[in-house]
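Architecture at a glance
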Amino acid sequence: MNTLWLVASARPGPMFRDDMPPTTSQHFLGVERSVTGRRWVSALDVRSEANALAMSQKLGLPDVVARVLAARGVEASLAERFLDPKLRHEMPDPSVMTDMDAAAERLAEAILRREQVAIFGDYDVDGAASAALVSRFLSHYGLDPVVRIPDRITEGYGPNPQAVDELADAGATLLVSVDCGTSSFETFDHARSRGLDVVVLDHHQTGSAIPEVVALVNPNRQDDLSGLGYLAAAGVVFMTLVAVQRQLRGRSSQPPLDLMRLLDIVALATVCDVVPLKGLNRAIVVQGLAVMRRQDNVGLKALCRVARLSGPVRSGHLGFLLGPRINAGGRIGDAALGSRLLCLDDEAAAEAIAEQLDTLNQERQAMEARMLAEADAEVAAEIGAGEGPPVLVAASNDWHPGIVGLIAARLKERHRRPAFAIAFDQSGKGSGSGRSVIGVDLGRIVRRALDEGVIEKGGGHAMAAGLTVRRERLGELRQFLEAAAESDVAVARMSDALRIDGAVSAAGLTMPLYEMLEKAGPFGSGHEPPLLAVARHRIVDARIVGNGHVAVRLKGEDGMTMRAIAFKAAGGEPRRAADVEPCGAAARRRQPFSGSFSRGTSGRLQDQRRSGRKIFLTKRLPYR
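Residues numbered from 1 in each chain as written. Predicted model: local features only at pLDDT ≥ 70, side-chain atom pairs only at ≥ 80, totals over all residues. Heavy atoms only, no water.

Side note on the confidence of the model for the protein chain
Interpretation of this model should avoid reading the predicted coordinates in detail wherever pLDDT is low. Counted only if it meets this: Residue-level confidence of the predictor, termed pLDDT, takes values from 0 up to 100. The contact criterion used is simple: two residues touch if any of their non-hydrogen atoms lie within 4.5 Å.
With 87% of its residues at a pLDDT of at least 70, the protein chain reaches an overall mean of 86. Every residue in residues 11–25 scores below 50 in pLDDT, and together they form 41 contacts with partners more than four places removed in sequence or on other chains. Counted against residues more than four places away or in other chains, residues 572–601, with its pLDDT under 50, gives 98 contacts.

Here it is in structure tokens:
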């Protein structure tokens, strides 16, 4: 399910019919400060406006669709190709990545020699998917690989010497590390001493030094010039398998594997790892969704069933429904469940694991709700009546370390600034996870904290990072984060305007428009969902439904209406259904209203123009 953001204004604005041009004022619809304290600005500059017009005229696209594409940097000359992305157009020769040929040759040798191969993966969706891809590929060629996913609590992130010993004792001669390993110097030195060759397939940021291994394929290593640093680990793995199969041509009697059938797994990882949906990633997701809709992978089929997913699978389903269930195993249960599920061809076994993951996900949701309430209270006390610190840090001795990343993400969303959540164990060691906002490179800040000895371990990328810190150094960490991020956060918050693609009316939100907007997707990180203003509309009904959701109905001056729903939006004030009055409750909190777009009838409200009109508002939950 893709998402369409809407913002409401009582001020007249263009409806984006053919006879109504878009606004060109500095502030969109004249909104200099909304109820959330944000400016509304056009997502298009003068050049983009001209590009949108050319696109609309050349391709016959609706104005709003052309504006959405132009605002995301799509040129009119490339629009047709953009709307129908193909792997053959977007995927370069895998050899453009540093060490790719060495990795492909070593894997091909392992297949031809029928070696025992061990696969070490991360405990998130990208790690599980990457491990499953390598396992399925090697199994096709007659090998029986061993997959090892570390326990998040007892082992932590990345390869470790104990795991290497277990794999070596089991007869492994080649270790393939996926979605981790770029900084595992000591562990891979130990692996070499045990007679294991190591191939790393990763995408995490790194410094100039890398471990001594047979091959380390990572488009984010400093000597890689491929320009593919936006790939998820599963995307790196997929390209590696293409290269290995090329190496095997004429050398193996086994027919080649149809790699296109694996794109459903790659698409799942690409969406769930929140990498930019551009270039090759976009082609992977579009074509991967087509593969997933055939339900060839019995594990994904079982997961769709327990998630009660009806209708065609869409990119939003991967991030909202499927990914959280796979992640639940790594967060609070058996970390290997996700990769095992994606490798299965037995339907009964797949159903059993899918049910287990669904149960774990329900337990995770309950833990998350409790932890979030505690984190909210701590952050509210820290912010007080002022602006609060540039980086939020919430910590507890009673939190599950597998869920702190979710808490950090919620805090970041609600307070529009970087946030960390840290779970301390009985020894005083804290496992923390952070999430950032655009313009603040959290991975760089955490690496600085590590270099300066403030934390024991740490790393990540611009938008997310992890760390390990002692309880007695928590205050020092807070001070360090505030000093390191203060200027970047200030700039990010000053530029935190809503970039609006255009204006629509309830009458204009038709099925044909929805279908064209879907072709402009999938939307997500790096390809944000459309944000459209609904001018001269008012909320005529609002009520709490389900588990804390808020349903509303908007009505235009022409009498046409549309529905919207705000998921998980009733968590604060107001808390009871009685508090929600149709078009009568004044804004209780100056936070935006949000919901999600369903086919043809609903939209997600994100903000409201300041005016004398009364309107019900509540929290924003951004697209994930």
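Once the structure has been displayed, the description carries forward.
Considerations on the packing of aromatic side chains
The following threshold applies: Pairs were defined over the aromatic rings of Phe, Tyr and Trp, the Trp ring being its six-membered one, requiring ring centres within 6.5 Å. Orientation was assigned from the angle between planes: stacked under 30 degrees, edge-to-face over 60, tilted for the rest. Remark: exposure states derive from per-residue accessible area (1.4 Å probe, protein chains only) relative to the maximum for the residue type, with buried under 20%, exposed over 50%, and partly exposed in between. Criterion for a charge above a ring: Arg CZ or Lys NZ at most 6 Å from the ring centre, at most 35 degrees from the ring normal.
Tallied over the full model, the rule gives one aromatic pair. Aromatic side chains Phe 137 and Tyr 141 sit 5.1 Å apart centroid to centroid with 55° between the ring planes, which places their arrangement in the tilted category. Grouping residues by exposure puts Phe 137 and Tyr 141 together as buried. Directly above the ring of Phe 424 sits Arg 471, whose terminal nitrogen or CZ lies 4.1 Å from the centroid.

As for the sheet that holds strand β4 (residues 146–148)
Cut-off, in case you're wondering: By the convention used here, strands pair only if DSSP detects at least 2 bridges between them. Comment: elements are numbered from the N terminus, with helices defined as DSSP H or I runs of at least four residues and strands as E runs of at least two. Between the N-to-C directions of two axes lies an angle of 0 to 180 degrees, each axis being a line fitted to C-alpha atoms and, for a helix, fitted only over the stretch in contact.
Here five strands make up an open sheet; going across it, the order is β4-β3-β5-β6-β7 and the pairing parallel. Either end of the sheet is taken by a strand with one partner, and the two such strands are β4 and β7 (215–217). The mean inter-strand angle of the sheet, taken between neighbouring strand axes irrespective of direction, is 15°. Sheet strands touched by helix α6 (residues 125–140): β3 (117–121), β4 and β5 (174–178). Its angle to β3, the strand with the most contacts, is close to 165°.

Things to note about the pairing of β5
Of all five residues making up β5, five are buried, and the element is well covered by its neighbours. Because side chains alternate across β5, one face comprises the buried residues Leu 174, Val 176 and Val 178, and the other comprises Leu 175 and Ser 177, equally buried. In this sheet, β5 lies alongside β3 in parallel orientation, the contact comprising five bridges. Within the sheet, the bridge partner assigned to Val 117 lies in β5 and is Leu 174.

A word on the pattern of salt bridges
Going by this rule: The term salt bridge refers to a pairing of a side-chain nitrogen on Lys or Arg with a carboxyl oxygen on Asp or Glu at a separation within 4 Å.
According to the stated counting rule, one finds 40 salt bridges in the structure shown. The shortest N-O distance in the salt bridge between Arg 221 and Asp 99 comes to 3.1 Å. Taken as a pair, Arg 221 in the loop between β7 and α9 (233–248) and Asp 99 in the loop between α4 (87–90) and α5 (100–113) lie far apart in primary sequence, 122 residues in all. Accessibility expressed as a relative area gives 7% for Arg 221, which makes it buried. Each of Arg 106, Glu 109, Arg 113, Glu 115 and Asp 197 takes part in a single network of salt bridges with overlapping partners.

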